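Chain residues, written in single-letter form:
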Amino acid sequence: MGIEKELARIYPPDARVTEPVALAAYECDALTAVQQLPLAVVFPETTEQVVATLRLCHEEGVPFVARGSGTSLSGGSVPVPGGIVIALNRMDRILRIDPDDLRAVVQPGVVNARISQAVAPYGLYYAPDPSSQVICTIGGNVAFNSGGAHCLKYGMTSNHVLGLEVVLPGGELVTLGGESLEVAGADLPGLFVGSEGLMGVAVTVTVRLLPRPESIRTVLAAYHSLEAAGDAVARVVGAGLLPGAIEIMDRLAIQAAEAAVHAGYPLDAAALLIVELDGPREEVEADFLRLTEAIRASGAYEIRVARDEAERARIWKGRKSAFSAVGRLSPDYLVQDGVVPRTRLGEALAEIERLSARFGLRVANVFHAGDGNLHPLILYDGREPGALERAEALAGEILRLCLRLEGSITGEHGVGLEKRTYLAEMFGPDDLDAMRRIRLAMDPREVANRGKMFPGEPVGEQVGVGRGPHPLERAGLLSRM
Amino acid sequence: MDTSPSPSGPGVLTPRSVEEARELLMASRPVLARGAGTKWAMADPPSGAWLMDMRQLAGIVEYEPAEFTVTARAGTPLRTLVELLASHGQYLPFDPPFVEAGATVGGAVASALSGPGRLRFGGVRDFVLGIRFLDGEGRLVRGGGKVVKNAAGFDLPKLFCGSRGRLGVIVEVTLKVFPAPRAFGTVVVSLDTVEEAAAALRDLARSPLEPHAVDLVPPEAVAGGWERADRPLAPSASRPPTTLLVRVGGSPDALDAWIGRMEARLGRRGLRLHGEAEAALWVRLRDLRWLPPAWRLIRLHLVPSLLSRAERTLGRLGAVRHYSVAGNVGWAAVPSEADWGELVRALQALGAPAMAMRGAPPGGVWVVAPPGEAFARRVKQALDPGQRFGPL
C-alpha cells in the first residue's frame, strides 16, 4: 500500500505501526462508545517528521488525527476512517524554562502535570489543571482548550498559551504569537487553541507560568440539600470574593468518591461544597474571614478547613477521582460536559433530576460551580438493550437544557465527534459557516481531524460502538474530566 | 442615517442599528469601524476608507452581577461600563486605557490594549467571552458565548482581539468581569540604575506577592513634569526609567502589610500612595498622559529578560521610555518624525514586535511585525475575501 511505503520513508520501524493488533490500542479515546481502527499510527520525534507527514497527507488526501494520551471524552481523538494517527507522545521534551519571563516552551507530548513539577524549583506552576492532568498532554489541552477547576479566576488553556509553532495541514510551519503576555496583532494563538485539531498540529507551545500562590485556604462544607449548596455559591460570589475554585458534588458522587479513595467526606451529606482561596497571605486571610461568614450563613451543617497540604490534597483527591469512582456504581457511564450561567445552576440541577427520573437512569453530579460547568455522569448498563441509546438521549437533553439557559454544550471537553449535532443548535448557520471558512482556508482538503466538531462534515461509516472503561481507566491512570 | 454612502469619496458612516451597519458596509469599501478614535494611529483608516463611527450602536445588553459577565454593544463607552460595574463592586481587571477620553467596548477589543493592571489577572484577550460581528460579506456572525467557561467552536472572540477592524465590524461583546479590590495601594521606589530597577521588577513579578501592576518609569512620570504644555521637553532631558511603581489591591486592612513585604523584598522603603492620588497616578500612566504630547509613540511587545537590551537601545536614542506590565510592554516616544529612521532600525535589531501608536513610520503601523502572517492572511481571506476592511 502506497501510504505505508511513504510513511516508512519518514519513520523508522519502531516509530510506526500498521499491524491490526497493535493498532487496536489506538482505536478509541476516553469516549469508549466510539471505536475506529486507523490505517496506521506514527510516532514522530521531530518537527520535520510532522511536516513530512502532514505534507504527505495533504498530497494523498489521507486524513489524520494527532493525539496525545487519548483522554478526550468527546471522541475528538478517535481515528478518522481510512486515516492515520499521529501520536505525539514521543515529542515530550520541555525545551526551555525561563523563570524570569515566567514562560516555558514545551513539546505537545508533555504531560500537563509535568510542567508544574519541572518549574516547581522556581516557585512557579502552570495553572490549567484538568482532572486528567497526570496523564493528559499539553497538545491535547491546546486542541480542546481544556480547563479544570480553576477557570473562573485563572481562565482556560487559551489564557495560558502565548505562542505556538504549528504545522498547517499542507505541511507549512508557522509561528503564532510569541512570548510576551501581550499578543501582537490579531490573536492567532487564541484562535488556534480549542480548534480541535482542525487547523493543524502544534509542535511547540509557549505557556505562561504563574508564581505558586503563597497561601491557600481550602474549605469543605456539607449540606442537607443540593439547593443549599447552590445557594452557598451565590452567597460566596455575592460577598465579592474571587475564589480559585468552587466545586459541588452530589450524594451519588460523594459516595462513589468515598468508596474509591476514602477522602473522609461526610457520607450523610446530600451535597458537598469545596471552596478554595489562593493568593498572597494578607489577601487570603482577609478574604477567608468573609468566606467563612458566607458559608456559615448558608446553612452548612458541617464545615472543615484543611489544616495542611495533606488534608487539602485529600479533599481534592476525592473530588478529582469522583468520575472514575462512579465506575464502581455502574458498569457503564457517560460523562457530560455542559455549562449554564452560574445563577441558574439550581434550575439546571432540578431539571436534570426530572430528566433522570423520566429516562429511568441515575445521574451523579459533580461540577465546577464557580464556572457553571456541569458534569452529569449518566449511569447505565450497556448489557441492557437500548440502554446506551437512552443514556445518549438523556445526555442530549441535558445539553439542550444548557442551551435553553444560554450556556454552552462544552466547558472543557470540546465538541469532538460526540456533540457535533449540538454545535448546530448552539450556533446559527452564519456562525458555523464563518468557522467552516476558516477551517477550509487552513485545510482545503479537510484532512485534519476530518469529521470532528462540524455537523456537516462526513465522518465515514466505519465507526463502531463499544463499551466499558478505557484501558487507561482500568489501570487507574485516567480520570474522566 | 446621518450620512449616505456614496461611491464618490470617503466620509463618515454612522449606523444606528446592526441592520444599518450592514447596509452601509455593503455600499462602501474600504471601511474601518471605529469608536471614539482614542487609539491614535490604530484608529487611522486605510487610505481612501470610509470611517464607520460605531458610537450610536451603544448600550448594555445584559448585566447580571452574580454571573461576573456583561454584554454591551460595541459603541458603548467604557466609562458607562466602568461606572455600572463599580456600582456593583466589580471592575474590568484588564484595566483599559482612555476610559475618560471616550474609548469604547469595541475599540478595547479591536485594539487589545490593556493597562498596567492587566498584570495580575490578564489582558483583554483573557476577558472576552463572546462576540458578534459583521464579516466582509455583511453576515452577522456570533462566536463564543455568555458564560465564563466555554469550549464550543472556534474562539472567534479571541481572534478579534487586536484585529484593528481588519477582520470585521464588532457589534457586540461579552466580557468577564471580577469583583473589584476594595482598595488599592502603591509604593513608589527610586532605584539607582535601570539594571537594578529591572532586576527588582523581575523579582517582584515572579514572587508570590502577586502585585496588580509593576511599572518602570522616569522620575518625571511621577512628578508630572511633562504634562504641562509650557514646559517643552528636550530629548536630552529624558531621564532613565529608574522609578519602580508597584500596586496592590484588596482588603483595605491588608494593604499596608502587603506593601511592607514588597519593600522588604526590594530592600528599600518607598513613597506610599493611597486614595485619590494613587488612583490618579495610575490613570495618568495608563492613558500615557505623562508622555510629552505630540511625540511619536511606539508600543513594544517585550518579555522581562529583554528589558535591559531594549533600554540600552532606546536610551541611546534619547527616547522617553516606560516599561509596563512587569516588562511585557514597552512604550517609547521620540520628539519628531526626524527621529523615526534610527528608532525603527534600532527596534528591528531588537526583534520584538513593535507598533506605531502615534505618528506614522514609513511602511505602516508595524515597525516590527508579529509572526504568523501567512496564517493571518488565510483567516483574513476566510472572513473578508473582498478586502472590504483594507489590508491586514
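Every value quoted in this text rests on a predicted model; they were computed, and no experiment measured them.

Draft legend 1. The overall build of chain A, seen in detail. Tallying secondary structure elements over chain A gives 16 helices and 21 strands in all. In summary, chain A has a C-alpha radius of gyration of 22 Å against a globular reference of 23 Å for 481 residues, a match within 12%. With the principal axes as the frame, chain A shows a C-alpha extent of 70 × 60 × 45 Å. Looking at chain A residue by residue over its 481 residues, the buried ones come to 66%. Taken as a whole, chain A presents about 15800 Å² of accessible surface, with 51% of it coming from carbon and sulfur. For chain A, the distance from the average site of its 47 positive side-chain charges to the average site of its 62 negative ones is 3 Å.

Draft legend 2. Molecular detail of the domain arrangement of chain B. All names here are of chain B. Looking at chain B, the domain boundaries give domain 1 (1-180) and domain 2 (183-368). Distance between the C-alpha centres of domain 1 and domain 2: 27 Å. Here domain 1 meets domain 2 over a buried area of about 2000 Å², counting both sides, of which 63% is carbon and sulfur. Inspection of the region where domain 1 meets domain 2 yields four salt bridges. Residues Arg286 and Asp95 are paired through a salt bridge, measuring 3.4 Å at the closest nitrogen-oxygen approach. Residue composition of the side of domain 1 that touches domain 2, by class: 13 nonpolar, two polar and six charged.

Draft legend 3. Inspection of the domain arrangement of chain A at higher detail. All names here are of chain A. One can read the domain layout of chain A as domain 1 (94-212), domain 2 (215-324) and domain 3 (332-413). Using C-alpha coordinates to define each centre, domain 1 is positioned 29 Å away from domain 3. Opposite the nine residues of domain 1 that make contact, domain 3 presents seven residues. Across the domain 1 to domain 3 interface the summed buried area is about 560 Å²; carbon plus sulfur atoms make up 44%.

Draft legend 4. Expanded view of the sheet that holds strand 4 (residues 64-67) of chain A. All names here are of chain A. Reading across the sheet, the four strands line up as 1-3-5-4 and stay open at both edges, with mixed pairing between neighbours. In the strand order of this sheet, the two ends are held by strand 1 (16-17) and strand 4, each with one partner. When strand 3 (residues 40-42) meets strand 5 (residues 84-87), the two strands line up parallel, connected through three bridges. The partner of Val42 across the bridge, within strand 5, is Ile86.

Draft legend 5. Region of the structure containing the side chain of B:Arg261. For B:Arg261, the location among the structural elements is in helix 9 (residues 252-266). Engagement of the side chain of B:Arg261 in a polar contact is seen with the side chain of A:Glu282, the distance being 2.7 Å. Sequence-distant contacts of B:Arg261, that is, excluding residues within four places in its chain, are made with A:Glu214, A:Pro280, A:Arg281, A:Glu282 and B:Leu209.

Draft legend 6. Geometry of the interface of chain A and chain B. With 94 residues of chain A at the interface, the matching set in chain B holds 75 residues. For the pair chain A and chain B, the two sides together bury roughly 7000 Å², of which 57% comes from carbon and sulfur. Of all residues in chain A, A:Glu182, A:Glu282 and A:Arg437 give up the largest surface area on contact with chain B, accounting jointly for 10% of the area buried on that side. At the junction of chain A with chain B, the criterion picks out 14 salt bridges. The residue A:Asp433 makes a salt bridge to B:Arg139 at a minimum N-O spacing of 3.1 Å. Across the chain A-chain B interface, the total number found is 40 residue pairs in polar contact (both at pLDDT 80 or more).

Draft legend 7. Structural context of helix 1 (residues 2-10) of chain A. Residue and element names in this part refer to chain A. What helix 1 keeps buried is the set Ile3, Leu7 and Ile10. An end-on view of helix 1 places all buried positions within 50 degrees of arc, on one side of the element. Facing away from the buried side of helix 1 by more than 90 degrees, the exposed set consists of Lys5 and Arg9. Where helix 1 is buried, its residues touch strand 1, strand 3, helix 3 (47-60) and strand 5.

Cut-offs and rules
Residues numbered from 1 in each chain as written. Chains lettered and ligands numbered in written order. Predicted model: local features only at pLDDT ≥ 70, side-chain atom pairs only at ≥ 80, totals over all residues. Heavy atoms only, no water. Helix = DSSP H or I, 4+ residues; strand = E, 2+ residues; numbered from the N terminus. Rg over C-alpha atoms; globule rule 2.2 N^0.38 Å. Buried < 20%, exposed > 50% of the residue type's maximum accessible area, 1.4 Å probe, protein only. Areas by Shrake-Rupley, 256 points an atom, 1.4 Å probe, with all protein chains shown as cover. Lys, Arg positive; Asp, Glu negative; His and termini not counted. Charge placed at Lys NZ, Arg CZ, Asp CG, Glu CD. Domains from an automatic or database assignment. Buried area = accessible area lost by both parts, 1.4 Å probe. Salt bridge = Lys/Arg side-chain N within 4 Å of Asp/Glu carboxyl O. Nonpolar A, V, L, I, M, F, W, Y, C, P; charged D, E, K, R; others polar. Contact = heavy atoms within 4.5 Å. Pairing = 2+ DSSP bridges. Polar contact = N/O pair within 3.5 Å; in protein donor to acceptor, adjacent residues only side chain to side chain. Arc of directions from axis to C-beta.

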